[in-house]
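# Breakdown of the fold
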Amino acid sequence: MLGFIKRIIKIQKNILNRTRNRLIPTAYILLYHRIADVKDDPLQLSVNPENFKNQLLYLKQKYNIVPLVQLVMWLRKGGLKDNSVAVTFDDGYADNLHNALPILKELNVPATIFITSGYISSNKHFYWDGNTRPEDRGRPLTHDELIELAKCNLIEIGAHTISHPRLSALPLPKQEEEINGSKKQIEKVLNYPQISLAYPFGDKESFDKNAIEIVKKSGFNYACSNIHERVTKNSNLYALPRFVVRNWNEERFKKEFNNFI
Ligand SMILES: [Zn+2]
């Protein structure tokens, strides 16, 4: 009986959501990490190239994929074009250049890539990949690869701190060093101002209003969180919500995304 009631409530919630979506323009920001075909992926950070391409092809049929900066411009003007999608990547894996970029170019899909600047050309694996089998680990971008990635006019580069800490656990001067420092390090490589940032981890507990203040003060124009929500005109430009994509085939992606929207 309880299960039945829960199902009815869920159906009603879906109907309400869909009705609301028709009334309020809504956009979605997708979050990827790696595009790679790996055997063992304990943190589920990789989407294989075939699934990635099929996910984008599906989105292209139904949605308007725009650069993140375009979504932000609409939000600043107080509006939003309905059914828009922006694609983002976190961390700065080399496979973003070698595996993702060719597909983005082929399908003419823009994307924003947030770089953990302390790992550029470091020859180290990202610390969270410590338990991943060495052959399944992705390496960070090198200095030259980052320049090559940024050359493509479909790509916006953004910052993701220097060492990928949980910002809320750090004293303010250290937060400032991580946020402002990553901006400076990337600008040194690319020679143009960095205007966007994604918070490491990005859940509500990982950053607070102090971090947002530092992000503003450092000269960033907008920032992404990992908060699992849709974008509406009321979304905070300094904590934009995102939808994390896993290694789903087209069918599963459709299901997960339709549950989300
Ligand atoms: Zn990250």
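Residues numbered from 1 in each chain as written. Predicted model: local features only at pLDDT ≥ 70, side-chain atom pairs only at ≥ 80, totals over all residues. Heavy atoms only, no water.

The next subject is the overall build of the chain. Broken down by element type, the chain carries 8 helices and 10 strands. Its C-alpha atoms give the chain a radius of gyration of 18 Å, near enough to 18 Å, the size a compact globule of 261 residues would have. Each of the three principal axes of the chain carries a C-alpha extent, and together these read 55 × 40 × 40 Å. Burial status across the chain gives 51% buried among its 261 residues. Looking at the chain alone, contacts between residues at least 24 apart form 70% of all its contacts between residues at least 6 apart. (Helix = DSSP H or I, 4+ residues; strand = E, 2+ residues; numbered from the N terminus. Rg over C-alpha atoms; globule rule 2.2 N^0.38 Å. Buried < 20%, exposed > 50% of the residue type's maximum accessible area, 1.4 Å probe, protein only. Contact = heavy atoms within 4.5 Å.)

Quick look at a nonpolar patch on the surface now. There is a patch of nonpolar side chains on the surface, built from Phe4, Ile5, Ile8 and Ile9 and spanning about 350 Å² of accessible area. Looking at the secondary structure, you find Ile5 in helix α1 (residues 2-23). For Ile5, a relative accessible area of 37% puts it in the partly exposed group. (Patch = residues over 30% accessible without salt bridge, like charges linked within 9 Å, V, L, I, M, F, W, Y side chains within 5 Å. Areas by Shrake-Rupley, 256 points an atom, 1.4 Å probe, with all protein chains shown as cover. Salt bridge = Lys/Arg side-chain N within 4 Å of Asp/Glu carboxyl O.)

Our next topic: the packing of aromatic side chains. For the structure shown, the criterion picks out 20 aromatic pairs. Taken together, a centroid distance of 6.1 Å and an interplanar angle of 65 degrees make the contact between Tyr28 and Phe260 edge-to-face. Of this pair, Tyr28 sits in strand β1 (residues 27-32) while Phe260 sits in helix α8 (residues 250-260); the two residues are 232 residues apart in sequence, bridging distant segments of the chain. Using a relative accessible area of 7% as the deciding quantity, one classes Phe260 as buried. Judged by centre distance (5.4 Å) and plane angle (85 degrees), the rings of Tyr63 and Phe257 are edge-to-face. Pair noted here: Tyr63 is in the loop between α2 (49-62) and β4 (64-65) and Phe257 is in helix α8, with a separation of 194 residues, a long-range link. Here Tyr63 falls in the buried class, since its relative accessible area comes to 11%. Grouping aromatic residues by their ring pairs yields a cluster made of Tyr28, Tyr58, Tyr63, Phe243, Trp248, Phe253, Phe257 and Phe260. The ring of Tyr119 carries Lys124 above its face, with NZ or CZ at 5.4 Å from the centroid. Above the ring of Phe220, the side-chain terminus of Lys183 is found at 5.6 Å from the ring centroid. (Phe/Tyr/Trp six-rings, centres within 6.5 Å; stacked < 30°, edge-to-face > 60°. Lys NZ or Arg CZ within 6 Å of the ring centre and 35° of its normal.)

Turning next to the UniProt feature "domain: NodB homology" (unreviewed entry) in the chain. Within this numbering scheme, the UniProt entry marks residues 83-261 as carrying the feature "domain: NodB homology" (unreviewed entry). For residues 83-261, the end-to-end C-alpha separation is 10 Å, with 34% helix and 15% strand making up the annotated structure. (UniProt positions renumbered as here; feature names shortened; annotations may be inferred.)

Moving on to helix α3 (residues 68-76). What α3 keeps buried is the set Leu68, Leu71, Val72, Trp74 and Leu75. In an axial view of α3, the angular spread of the buried residues amounts to 160 degrees, which keeps them on one side of the axis. Where α3 is buried, its residues contact β1, β5 (84-91), β6 (111-115), β7 (155-159) and β9 (222-224). Of the residues one or two after α3, Gly78 is the one with positive phi, at around 85 degrees. (Arc of directions from axis to C-beta.)

Non-glycine residue Asp91 carries a positive phi angle of around 100 degrees. Mapped onto the elements, Asp91 comes out in strand β5. The phi angle at Phe201 is positive, at roughly 70 degrees, despite the residue not being glycine. Tracing the chain through its elements places Phe201 in the loop between β8 (196-198) and α7 (209-217). Exposure remark for Phe201: the relative accessible area of 31% places this residue in the partly exposed category.

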